[in-house]
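Tertiary structure, described
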Amino acid sequence: MSTTTTSSYFPHYDYGTIILNVSAATFTKAQKRWRVAYVAICSFRVLLSLSKQNVTRQKSTSIALLHSHLTLDIQPPTSYHDDDHNDIVPNPDLPDLVPKPHSPDLVSNHALPDINTKLTEMVKEKDLITLRGFGGVEGVAATLLIDPQHGILGNEDDVRRRRDKFGSNSYYKPPAKGLFYFVVDAFKDTTILILLVCAALSLGFGIKEHGPQEGWYEGGSIFVAVFLVISVAALSNFRQERQFDELWKISNNRKIDVARDGRRQEISIFDIVVGDVILLNIGDQIPADGLFLEGHSMQVDESSMTGESDHVEVDRERNPFLFSGSKVADGYARMLVTSVGMNTARGEMMSSISRDTNERTPLQARLDKLTSSIGKFGLAVLVVILIRHFTGHTEDAKWQREYNGSDTDKNDVLNSVVNIVAATVTIIVAAIPVGLPLAVTPTLTYSMKRMMADQAMVRKLSACETMGSATIICTDKTGTLTLNQMKVTKFWLGQEEIEIPSNVIAPCILELFHQGVGLNTTGSVYRPASGAVFEFSGSPTERAILSWAVQELRMDVEQLKQTYSILHVETFNSEKKRSGVSMRKNADNTIHVHWKGAAEMVLQMCSNYYETSGTMKSMNEDARMQFEKIIQGMAASSLRCIAFAYKQISEAEIEYNEDGSAHQKLNENGLTLLGIVGLKDPCRPGVKMAVEICKCAGVEIKMITGDNVFTAKAIATGCGILGPDDTEHAGAVVEGVEFRNYTHEERMQKIDKIRVMARSSPFDKLLMVQCLKQKGEVVAVTGDGTNDAPALKEADIGLSMGIQGTEVAKESSDIVILDDNFTSVATVLRWGRFVYNNIQKFIQFQLTVNVAALVINFISAVSAGEVPLTAVQLLWVNLIMDTLGALALATDPPTNELMQRPPVGRTEPLITNVMWRNLLAQALYQIAILLTLQFKGEFFFNVDEKVKDTLVFNTFVLCQVFNEFNARKMEKQNVFKGIQKNKLFLGIVGFTIVLQVVMVEFLKKFADTVNLNGSQWAICIAIAAVSWPIGWIVKFIPVSDKPFLDYLFRAGQAFGWILSAVLL
């Protein structure tokens, strides 16, 4: 029923084929009846629609069409490959709902339908009724103008049109935090609040004592200093936010395989559009909402969306819906994208979530605690001085008691309290390491940026610190220690090694090999029409085997797919170490089960084997032992051994799972061995050197692999992990099953000797990490698989692989190794030590300043009632000098010396005995010399009090400048080594000196200083320069391994016991 008139206005479709398909064998009787009824209803609605349109045309009324209408042509079905449709002229004003997907020209000329909302809601609600209304998944594919097998056209116009119509695959992000946000956030810092209180008190007491004209200097100066602190902190955090934003874009720019124009290609998830056909495998994170097209054993983890931990089974009939953000837990599939970006279920959720970039590293948390403790110490000092004053133990300038009870004038009491509070404020300012938190963030962010250039993307800031403490690295083999460039180099058929190409293989054996390789794979083969070069995709192992079969065994994958129908697939995972498939030959309905996997495991499943002639022989014990020797020989040559086996079964022999589900349970016994291939994966260049560097650094390397013992030993020996003295009898090499069957006590006893674990499962890796951590080790673990996620999370530092790593593994890790190279792991270790060492250097430098200033001011306040260093001067040293000092110390590049020290470990304190030795030596010298200047400076140099105070301040600052050189090398006597290469360090030191000259000579009122002549400057420089010989001499003093604070703790305990004995 068709007319020429209607065909010129409405699209022309072949409903003969659609009605014929109702009787397809895949439908039940109820489904067939439903389909017939549905077609009848649609036909009736179309007829009504056409009649209304004719009435409308007769009235010459222009009505905008809101729905698409179809012309039915009931005639013998024609193939979709019939080209007789060229005379059909579609109405350009009407959107095409179900065009013929095979025709690129027709597709490119049609507008995309306006069904975005309908598709989005259908998937979100898991609405099977609406899906059936579209005609199933194929109907949705046709609606979106795509061929489910070939995908979208993929040209620029097609992609752009789809992106304009349905949106891009990106989420709305909350506006980036501006600088003002970080300014406000800085006011929440404990240090800032203490300083603001001090500034307010100083300002109020200063104005009361000296009047508003000059009394505001000190309090106002503290406010200015606080403003500088806030500005520096806000700018630093703002820059860190920008860097995190860039890293976030990089880390989320994942790659995914899609089919476009019949070709499998890898694209960014941000380039996915509605209509794309995505190829999903175990471990992939689904990048958009869509529908299941085809696949096997598909199970997804939707816990990130629903909170349910149970895996959800996905199939065509009962649950074809796939959600963005879910993870593929098992199986593989082809998926049709129906919604992207903000139209997905995940998009709505992600738009309301902002990333937390205010992560506090363990060191920053300890610094916050230190600041809080110092504030409490300041309050205690205030109480002590007040008690001392009001008990009559202080004297005025005339050596008279300041407080005489009720006889003391109230104004004198108030003035005394004001002076005491001012002195306490100064002491608190002296004690708080203002520059320390400001120095830590630039050091960490600087290191993160440099690590990115060295192929390591930091996902968690704390990993920069923790990696420097690592004592053990548990590494994978494939792709990390090796190149992951597999190539088949040996092929055994029966007990005979076959040289490829060879004509001795029987045709029946060759056909079975084609089945086992071409259909039992997650890889694919593509041959462009314009060229003869094949393109292979999939994992490196799959690519190598497919390449070998296509090029050497002349396998035709397309012909195989047409000849056989796949019944069921069991995908490969690291537990089973094999994959299986059952298939039916279309010509004679014979059913074959094929297995492929670890050679020794597949061998155990075999009862027979084939010879090259095609003769089947029984697998007796002698034959089995001979095959085991073949496998061991290949493994000892560092080859990965993959075996192929099959079994022909009848329909009646098909087994099912215990739960009665439709999925088959593939036969695993009585198989016939087809052959064994050996794949070579050479070690990466530089790996042996990197392993040696780690060993010299005191970091032990343990290799955990799924390969058999012989392959693992060969690779570990080649990489330097196993030495000449490490033998299997000594417990250096174990298998996963052996390790997990140990008792807990046996594991803890033997784990230190283990260097290689072969045939391991992810559970074995997790078990090893847990045992190592219980022994006090700081463990770094590499992983790339979905099942590695528990071990990556359990480890102190999780290192995922950027190329072969699944999205689940990356999300569970702290650092992503972008090039999958163990050399980069060693580089990360060096950067971790660099960060830790830099922070330790600056802590030593900063605490020298604070200890000296605190003791000087405290002694002066208690003994004389005044402090030599004002709050402004201390803030100047703390903020300007030390912040610049931190930048100077952070610019020293990492050296090889860092990798020649033992690891820090889990229990070693942040401030080591070496640091205490250096710190106390410099602080005691500064305390002694500055207190001498404070109490005897006027007498020694014949100057007034103002000049003396300026000498004290200037000498104190210059001591820090000279001590900055000492801080470069905490243990080496020669602190000037390599300094000429660090121009930035010298520049910062020079700039610091210039700022000090300006402070003393030009900002006299602000800094409370006076001009110094040349000789006085020379005296200050000479006194400060003594820091160098002191630093050189003190490094000859040996230090104990026992932490310094333990001695203080025991001394405190002893004092408590003595005091208790005296009191009792």
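All of the points below concern the structure found in this document. Because the structure is predicted, anything quoted here is derived from the model rather than measured. (Residues numbered from 1 in each chain as written. Predicted model: local features only at pLDDT ≥ 70, side-chain atom pairs only at ≥ 80, totals over all residues. Heavy atoms only, no water.)

A look at the overall build of the protein chain
When you go through the protein chain residue by residue, the secondary structure sums to 37 helices and 30 strands. Within the protein chain, the proportion of its 1064 residues that are buried is 51%. Considering only residue pairs separated by 6 or more positions, the protein chain has 72% of its internal contacts joining residues 24 or more positions apart. As displayed, the protein chain has an accessible area near 49000 Å², and 57% of this comes from carbon and sulfur atoms. (Helix = DSSP H or I, 4+ residues; strand = E, 2+ residues; numbered from the N terminus. Buried < 20%, exposed > 50% of the residue type's maximum accessible area, 1.4 Å probe, protein only. Contact = heavy atoms within 4.5 Å. Areas by Shrake-Rupley, 256 points an atom, 1.4 Å probe, with all protein chains shown as cover.)

Overview of helix H23 (residues 709-719)
Owing to its 3.6 residues per turn, the α-helix brings residues three or four apart onto one side. Taken together, the buried positions of H23 are occupied by Val709, Thr711, Ala712, Ala714, Ile715, Ala716 and Cys719. The opening residue of H23, the one whose side-chain oxygen lies 3.1 Å from the backbone nitrogen of phenylalanine 710, is asparagine 708. Backbone geometry just after H23 places glycine 720 at a positive phi near 90°. (Polar contact = N/O pair within 3.5 Å; in protein donor to acceptor, adjacent residues only side chain to side chain.)

With respect to the sheet that holds strand E11 (residues 472-475)
Where strands meet in a sheet, backbone hydrogen bonds hold them as pairs that are either parallel or antiparallel. Taken together, eight strands build an open sheet; the order of strands is E10-E30-E29-E28-E11-E25-E27-E26 and the sheet is mixed. Both outer strands of the open sheet, strand E10 (456-458) and strand E26 (733-735), are each paired with one neighbouring strand and no more. Strand-to-strand, the axes of this sheet are offset by a mean angle of 20°, without reference to chain direction. With three bridges joining them, E11 and strand E28 (residues 779-783) adopt parallel strand pairing. (Pairing = 2+ DSSP bridges. Axes fitted to C-alpha atoms, helices over the stretch in contact; angles between N-to-C directions.)

Structural notes on the pairing of strand E12 (residues 487-493)
Note: E12 against strand E24 (residues 671-680), five bridges, orientation antiparallel. When the sheet's bridge partners are listed, lysine 487 is paired in E24 with lysine 680. Where E12 meets strand E13 (residues 496-497), two bridges bridge the pair, whose relative direction is antiparallel. Following the sheet pairing, leucine 493 is matched in E13 by glutamate 496. Hairpin connection from E12 to E13: two residues lie between these consecutive antiparallel strands, with glycine 494 at a positive phi of about 65°.

Observations regarding the nonpolar core
One finds Ile473, Ile815 and Phe822 to be the most contacted residues of the largest nonpolar core, which totals 59 residues. Those residues in contact with isoleucine 815, other than ones at most four positions away along the chain, are Met451, Ala456, Met457, Val458, Arg459, Ala463, Ile797, Gly798, Leu799, Ser800 and Val828. (Core = buried A, V, L, I, M, F, W, Y, C linked by side-chain atoms within 4.5 Å.)

Looking at the packing of helix H32 (residues 945-968) against helix H33 (residues 983-1001)
Here H32 crosses H33 at 175°, and the two axes come no closer than 11 Å. When the axis of H32 is compared with that of H33, the two are roughly antiparallel. The segment H32 lies against H33, with Thr950, Phe953, Asn954, Val957, Val961, Glu964, Phe965 and Arg968 engaging Phe985, Val989, Thr992, Ile993, Gln996, Met999 and Val1000. Class assignment of the residues belonging to the contact of H32 with H33 gives a composition of nine nonpolar, four polar and two charged. (Parallel < 35°, antiparallel > 145°, perpendicular 65-115°, else oblique. Nonpolar A, V, L, I, M, F, W, Y, C, P; charged D, E, K, R; others polar.)

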